[in-house]
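Here are the chains, one letter per residue:
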Amino acid sequence: MALTTDWIAAHALSLWTALLLLALLAGDLAWRRSARLRVAALAGRRQPGVMRWTTGIALATLMLILFGGIAFAIGTGSPGSVANFDASLAEQLRMQMPPLVLQIIAMLTQLGGTPWVATAATLVLLCLLLCREWALAGVWAFAELGIMPLTSGIKALIERPRPLHNHGFVTESGWSFPSGHALGSMVFYGMLAYVLLRLLPTRWHRAVIFTTVLLVGLIGISRVLLQVHYLSDVVAGYAFGLVWLLLCISIAEWLRLRTAH
C-alpha cells in the first residue's frame, strides 16, 4: 500500500492530467452519441432528448451503488482498505506536493466554492427569468438549492474528519465526506451545461461539454491535491452529484417535452 500511494503522490500531477484527458475524451464521445441521437430524432420528426431514459436510469443506479459502497466502506468505523488508502495517499501528498503548485491549485479550487457558485447560480437564475424561461428557471433553482442540504445532511450523517492540511493555502473545517466542491461543481456546471445546450446553437455544444468536463475535473481533483479531502470523498461527491443532476435534468426534459406537445 505504501509503495502504491508513494508512486501516486510522486506522479500526482501527471495522473491528474491523464484523468482530465480521459474525462474529456469521454465527454467528447458522449457529445458525438448525443449528436447522432439528435439527428435521428429530427429525421423521425421527434423531439430530441438529452439522453435515453434507460441510459439515465442505468447511470444513476450505478452512481448510487458506487456512492453507497464508498459510504459503507468508510462509515463502518474500521480501518478498511479504502480508509487506509485514503489516509496513506493524503499523507504522501502532504509531504510531496510543492508549495508553488499548491498555491496555483488553491486558486483553481475556488471555482467550486460556495461564494462563487451561489453568486453565479443567482445570476443565471436572473437571466433565465429575464428570458421568460419559467420552467427552466424553476428546475435550475430546485437543482442549485438542493446542493447545500444534500451535502450538509450526508456530512452530518457520516461525520468523517478531514485529512491533515497545514500548508496554509486553503483551510477547511467541518466534515470531509462527501466533497461539497465535487458534488456542487457536478450539479452547478452540469446544469449550466444543460441550460446552455438548450439555449445555444448546435455549433457551441461541443465547446460547452468540453469546458464543463474540464472545470468539474479540475475542481474535484484539486481537493485531493490540496489534502482537504480524501480521494473517496471526491469520488462520492461526483457520484451523488451526478445522481442529483440526472434527476433535475429529467424533470427539465419532462417539462420541455410536455410543453412541446
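Please refer to the structure higher up on the page.
By convention here, each chain's residues receive numbers from 1 onward along its written sequence. In keeping with the predicted nature of the model, local features appear solely for residues at pLDDT of at least 70, side-chain atom pairs appear and are counted solely at 80 or more, and the whole-chain, interface and lining totals rest on all residues. Side-chain numbers come from the whole structure's heavy atoms, not from hydrogens or water.

K.L.:
How do you make sense of the state of the cysteines when you look at a structure like this?
P.N.:
Among covalent bonds in proteins, the disulfide is the one between the sulfur atoms of two cysteines. When two cysteine sulfur atoms lie within 2.5 Å, the pair is treated as a disulfide. Counting across every chain of the model gives 0 disulfides. With no disulfide of its own, Cys-127 lies 6.5 Å from the sulfur of Cys-131, the closest cysteine sulfur. A relative accessible area of 47% means that Cys-127 is categorised as partly exposed. On the accessibility criterion, Cys-131 (54% relative accessible area) is exposed. Between buried and exposed lies partly exposed: a residue is buried under 20% and exposed over 50% of the maximum accessible area for its type, with that area taken using a 1.4 Å probe on protein chains only.

K.L.:
Please clarify how the side chain of Glu-144 should be interpreted in this entry.
P.N.:
Helix numbers and strand numbers start at the N terminus; a helix is a DSSP run of H or I with at least 4 residues, a strand a run of E with at least 2. Along the chain, the position of Glu-144 falls in helix H7 (residues 134–145). When charges are counted, Lys and Arg are positive and Asp and Glu negative, with His and the chain ends excluded. What counts as a salt bridge is simple: a side-chain nitrogen of Lys or Arg found within 4 Å of a carboxyl oxygen of Asp or Glu. The buried charged residue Glu-144 lacks any salt bridge, with Arg-198 as its nearest oppositely charged partner at 13 Å. The contact rule is simple, with two residues in contact once any of their heavy atoms fall within 4.5 Å. Excluding residues that lie within four positions of it along the chain, Glu-144 makes contacts with Val-117, Ala-121, Val-187, Phe-188 and Met-191.

K.L.:
What should I look at first to understand the pattern of salt bridges in this one?
P.N.:
Opposite charge on two side chains makes pairing possible when the charged atoms of those side chains draw close. In this structure the tally under the stated criterion is 3 salt bridges. Two residues, Arg-160 and Asp-233, come together in a salt bridge whose shortest N-O distance is 2.8 Å. With Arg-160 in the loop between helix H8 (147–158) and helix H9 (180–199) and Asp-233 in helix H11 (residues 231–260), this pair connects stretches of sequence that are 73 residues apart. Assigned by exposure class, Arg-160 and Asp-233 land together as buried. One salt bridge connects Glu-253 with Arg-256, and the closest N-O pair in it is separated by 2.9 Å. Taken together, the positions of Glu-253 and Arg-256, both in helix H11 and 3 residues apart, correspond to about one turn of that helix. The two residues Glu-253 and Arg-256 agree in class, both being buried.

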